[in-house]
Amino acid sequence: MTPPETQGQGILAEAPNGFPAVSLCVMQKRADYLKAASARRQGTGGFLLQARDRADGDPLSRIGFTASKKIGNAVLRNRAKRRLRALAREVLGPRARPGWDYVLVARPEATVSRPYTDLRADLEQALLSVHRGRA
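A short tour of the structure in this document, coming up. (Residues numbered from 1 in each chain as written. Predicted model: local features only at pLDDT ≥ 70, side-chain atom pairs only at ≥ 80, totals over all residues. Heavy atoms only, no water.)

## Thoughts on the environment of Leu 87
Mapped onto the fold, Leu 87 is located in helix α2 (residues 74-95). The exposure class assigned to Leu 87 is buried, which follows from its relative accessible area of 0%. A sequence separation of 37 residues divides Leu 87 from Glu 124, and the C-alpha atoms of the two residues are 9.8 Å apart. Ignoring any residue separated from it by four or fewer positions in sequence, one finds Leu 87 in contact with Phe 47, Leu 92, Tyr 116, Leu 119, Arg 120 and Leu 123. (Helix = DSSP H or I, 4+ residues; strand = E, 2+ residues; numbered from the N terminus. Buried < 20%, exposed > 50% of the residue type's maximum accessible area, 1.4 Å probe, protein only. Contact = heavy atoms within 4.5 Å.)

Here you go:
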């Protein structure tokens, strides 16, 4: 039997294609959500994007998701948040600015029923709008 230190050293894992190796930290505290809500915001057909520059020197980008009971029952709220998380991985991963907080707020019926390609285009446009005129 080979020792555990030498087992499994023949195969190297690679990152899956299509997603960058960027990690977005999920916001945990209500105060962070409230600060983002009072900063810049951009509404789209499928959701609302709230964004703020923390200006604290921390290069980490943070993301939050909100789906209130206006969205519907727990099944619909969870589906809306899953779609928003997928959008964040795909779009915000490569485009998020260091030191910024982003909150994606689900909209009733639209977040769940809108085609995913439209949601992606909405988020790309909302990011351009939020960062317009900023370096």
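## So, the nonpolar core
Of all hydrophobic cores here, the largest spans 23 residues; its most connected members are Phe 47, Leu 49, Leu 92, Tyr 102, Leu 104 and Leu 123. Breaking this core down by element, the ones donating at least two residues are β3 (47-53), β4 (62-66), α2, β5 (100-106) and α4 (116-131). Of all the elements, α2 adds the most residues to this core, at six residues. Among residues more than four places away in sequence, those in contact with Leu 49 are Arg 40, Arg 41, Gln 42, Tyr 102, Val 103, Leu 104, Leu 123, Ala 126, Leu 127 and Val 130. If you look at the next biggest cluster of nonpolar residues, it comprises five residues, including Ala 36, Leu 48, Val 103 and Val 105. (Core = buried A, V, L, I, M, F, W, Y, C linked by side-chain atoms within 4.5 Å.)

## Observations regarding the packing of aromatic side chains
Evaluation of the coordinates by the stated rule reveals one aromatic pair. On the numbers, 6.2 Å between centres and 20 degrees between planes, the contact of Trp 100 with Tyr 102 is stacked. Neither residue differs from the other here; Trp 100 and Tyr 102 are each classed as buried. (Phe/Tyr/Trp six-rings, centres within 6.5 Å; stacked < 30°, edge-to-face > 60°.)

## A short note on the environment of His 131
Summarising the element assignment, His 131 is placed in helix α4. The class of His 131 is buried, set by a relative accessible area of 7%. Note: C-alpha distance between His 131 and Asp 53 (78 residues apart in sequence) is 9.9 Å. Aside from chain neighbours lying at most four places away, what touches His 131 is Arg 40, Arg 97, Trp 100 and Tyr 102. Within polar-contact distance, the side chain of His 131 engages the side chain of Tyr 102 at 2.9 Å. (Polar contact = N/O pair within 3.5 Å; in protein donor to acceptor, adjacent residues only side chain to side chain.)

## Section: the pairing of β4
Within β4, four of the five residues are buried, which leaves the element mostly enclosed by the surrounding structure. In terms of strand pairing, strand β1 (residues 25-26) meets β4 through two bridges, oriented parallel. Counted as the bridge partner of Val 26 is Ile 63 from β4. The pairing of β4 with β5 spans five bridges and is parallel. Within β5, the position partnered with Thr 66 by the bridge is Val 105. (Pairing = 2+ DSSP bridges.)

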